[in-house]
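Residue-level listing of the chains:
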Amino acid sequence: MNQIAAALLFFGLSLSSLYVFSSGLPQPADFVLLCFAGLMALLALGDERHPVPPFAFCWALLLLWVLLVSLGWAWVMQSSAFFIYPLFFLFNFLVGMALLRFLRVFGEAGRGLVRNALSIALLIAAMEVVYQLGTGVGRATGSFNNPNQLAFFSLCAMLLLMLLDDFRPPLRPLMLAGLAAAVVNLLAASSLGAMGGAVLVGLGWAVANAGQLRHFARLSLLVPLILVAVLVANLHSEGQVQRNLQARLDRASTKVENMVEERRFDRLTHFPEYAILGAAEGERQRFAPYDGNEIHSSFVGMLFAYGIPGLGLLLAILFMALRRAPFYAWMGMAGPLVYSLSHNGLRTTLFWLVLAVCWHCYRNGREGRPSLGTAAVPMTPVKER
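Residues numbered from 1 in each chain as written. Predicted model: local features only at pLDDT ≥ 70, side-chain atom pairs only at ≥ 80, totals over all residues. Heavy atoms only, no water.

Comments concerning the pattern of salt bridges
Consideration 1: Scanning the entire structure with this criterion turns up six salt bridges.
Consideration 2: The salt bridge partner of Arg 115 is Glu 108, with a shortest N-O separation of 3.6 Å. Note on accessibility: Arg 115 and Glu 108 belong to one class, buried.
Consideration 3: We note a salt bridge from Asp 165 to Arg 115, for which the minimum N-O separation is 2.8 Å. Taken together, the residues span a long stretch of sequence, with Asp 165 in the loop between helix H5 (147-164) and helix H6 (173-189) and Arg 115 in helix H4 (residues 84-134) at a distance of 50 residues. We note that Asp 165, like Arg 115, is buried.
Consideration 4: Each of the salt bridges in this network shares a partner with another, and the network as a whole consists of Glu 108, Arg 111, Arg 115 and Asp 165. (Salt bridge = Lys/Arg side-chain N within 4 Å of Asp/Glu carboxyl O. Buried < 20%, exposed > 50% of the residue type's maximum accessible area, 1.4 Å probe, protein only. Helix = DSSP H or I, 4+ residues; strand = E, 2+ residues; numbered from the N terminus.)

Here's what the structure looks like:
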């Protein structure tokens, strides 16, 4: 049964960059990952009982609060439009908890499976990106529905690949290809927030490897390989990557000046009373004439939709995931968090998996982290203690 779960996780993560249906609807990978979560929950019934860690407890409390706020407003407004949003949080919670059990059971072999699956997912998106750039597309979407989805997925996948190996990724062809694909995807999507986040991940990577000559040599080898991949993509698109980047940089100052209106932060300033307990998500006509689109910020959106308790629980989850992590992991995690200041990424499953993996890897501090060997490890479960 554990082997079946491993296969489901591998295919689910490998297909996680492939969007077939409209945004907001379940994608093919979601069905596979839901089967994985269900099977892992069933297998967990036979595990020895362990105390609920603070990280999982805070995450469960956030899920409960989101559900209560949504049900409360559904009753007040007599509308079913609020029901869909808690499902995103529930799905991500189930998959996150299932991944934690999987990594605990399979150890290094489990991390290797996740590493390979994410690399494949990045390559799937990159192949579509290269095709789109060759046809003269401006901001590429890859295998997603819009450029921001491509950018945030690639940023989270890049960080996750780093976390799995304590920011010292092994020099394997698939892993190198995955990292190169992530960089190409980020530049092709031309998201300033995601590119700034990628710089922070890169700085964390540099800090982690600068202390030892062997690891620094790896860093010195990987950087040119990634730059070559970017150069090839730019030449293939006849300079489209460079033009996209220049166009976005030219708009940077305007985007900063108009951030409050463009990112819908003005909804919070005009309806501050909802920040106390939350307005839930849905039925935005209540906020006319400031009802257009959702708030483009994970943190401001959480504050407005689920109030001070919701934002407090989100920050508690972040703190629990990172509190024993080394400085370079904090630097890397700052990448998705900076992006989330001006984009709503809370529905992206990979963001929550980043937090789960960070807690799993550093829950006992860096000194308590298992050894990260690079040799192949058979996919056999580790016996529970």
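Comments concerning the packing of aromatic side chains
Consideration 1: Tallying each qualifying case throughout the model produces 21 aromatic pairs.
Consideration 2: Their ring planes at 85 degrees and their centres at 5.9 Å tell us that Phe 89 and Tyr 306 sit as a pair that is edge-to-face. Pair noted here: Phe 89 is in helix H4 and Tyr 306 is in helix H13 (residues 298-322), with a separation of 217 residues, a long-range link. Summarising the burial analysis for this pair, Phe 89 and Tyr 306 share the class buried.
Consideration 3: Ring plane angle 55 degrees and centroid distance 6.3 Å describe the contact between Phe 271 and Tyr 274, whose orientation is recorded as tilted. For the residue pair Phe 271 and Tyr 274, the accessibility class agrees, reading buried in each case.
Consideration 4: Aromatic ring contacts, followed pair by pair, group Phe 55, Trp 59, Phe 89, Phe 93, Phe 152, Tyr 306, Tyr 339, Phe 351, Trp 352 and Trp 359 into a single cluster. (Phe/Tyr/Trp six-rings, centres within 6.5 Å; stacked < 30°, edge-to-face > 60°.)

Brief notes about a nonpolar patch on the surface
Consideration 1: On the surface, a nonpolar cluster with roughly 710 Å² of combined accessible area is contributed by Val 52, Phe 57, Leu 61, Leu 64, Leu 67, Leu 68, Leu 71 and Phe 83.
Consideration 2: Relative to the helices and strands, Leu 71 resides in helix H3 (residues 54-77).
Consideration 3: Given a relative accessible area of 41%, Leu 71 falls into the partly exposed group. (Patch = residues over 30% accessible without salt bridge, like charges linked within 9 Å, V, L, I, M, F, W, Y side chains within 5 Å. Areas by Shrake-Rupley, 256 points an atom, 1.4 Å probe, with all protein chains shown as cover.)

Notes on the environment of Gly 292
Consideration 1: Mapped onto the fold, Gly 292 is located in the loop between helix H12 (266-270) and H13.
Consideration 2: Gly 292 gets classed as partly exposed once you look at its relative accessible area, which sits at 29%.
Consideration 3: When the C-alpha atoms of Gly 292 and Arg 264 are compared, they prove to be 7.8 Å apart, with 28 residues separating the residues in sequence.

What about the nonpolar core?
A general tendency of soluble globular proteins is for nonpolar side chains to be buried together.
Consideration 1: With 118 residues, the main nonpolar core has Phe 55, Phe 167, Phe 351 and Trp 352 as its most contacted residues.
Consideration 2: Counting residues per element, this core draws most heavily on H4, which supplies 22 residues.
Consideration 3: Look past the residues within four positions of Phe 167 in its chain and what remains in contact with it is Leu 159, Met 162, Val 201, Gly 204, Trp 205, Ala 208, Asn 209, Tyr 328, Ala 329, Gly 332 and Tyr 362. (Core = buried A, V, L, I, M, F, W, Y, C linked by side-chain atoms within 4.5 Å. Contact = heavy atoms within 4.5 Å.)

Some points on unusual backbone geometry
Consideration 1: Pro 289 follows Ala 288 through a cis peptide bond whose omega is 5 degrees.
Consideration 2: Relative to the helices and strands, Pro 289 resides in the loop between H12 and H13.
Consideration 3: Although it is not a glycine, Asp 166 adopts a positive phi angle of roughly 55 degrees.
Consideration 4: Along the chain, the position of Asp 166 falls in the loop between H5 and H6.
Consideration 5: The phi dihedral of Ala 280 is positive, around 60 degrees, even though this residue is not glycine.
Consideration 6: Tracing the chain through its elements places Ala 280 in the loop between H12 and H13.
Consideration 7: Judged by its relative accessible area of 5%, Ala 280 falls in the buried class.

Here's the deal with the packing of H5 against helix H7 (residues 192-209)
Consideration 1: Where H5 meets H7, the axes come as close as 10 Å, and the angle between the chain directions of the two elements is 10 degrees. When the axis of H5 is compared with that of H7, the two are roughly parallel. Along the contact surface, H5 presents Ala 151, Leu 155, Met 158, Leu 159 and Met 162, while H7 presents Ala 194, Gly 197, Ala 198, Val 201 and Trp 205.
Consideration 2: Of the residues assigned to the contact of H5 with H7, the class counts are nine nonpolar, one polar and no charged. (Axes fitted to C-alpha atoms, helices over the stretch in contact; angles between N-to-C directions. Parallel < 35°, antiparallel > 145°, perpendicular 65-115°, else oblique. Nonpolar A, V, L, I, M, F, W, Y, C, P; charged D, E, K, R; others polar.)

Here we look at the packing of H4 against H6
Consideration 1: Contact pair H4 / H6: the axes reach a minimum separation of 8 Å and the direction vectors enclose 45 degrees. As the angle between them shows, H4 and H6 are arranged oblique. The crossing of H4 and H6 is left-handed. Residues Arg 115, Asn 116, Ser 119, Ile 120, Leu 122, Leu 123, Ala 125, Ala 126, Val 129 and Leu 133 of H4 lie in contact with H6, whose contacting residues are Leu 174, Met 175, Ala 177, Gly 178, Ala 181, Ala 182, Val 184, Asn 185 and Ala 188.
Consideration 2: In terms of residue class, the contact of H4 with H6 is built from 14 nonpolar, four polar and one charged. (Left-handed = near helix turned anticlockwise from the far one by under 90°.)

Read these as layout, nothing more, since geometry by itself doesn't imply function.
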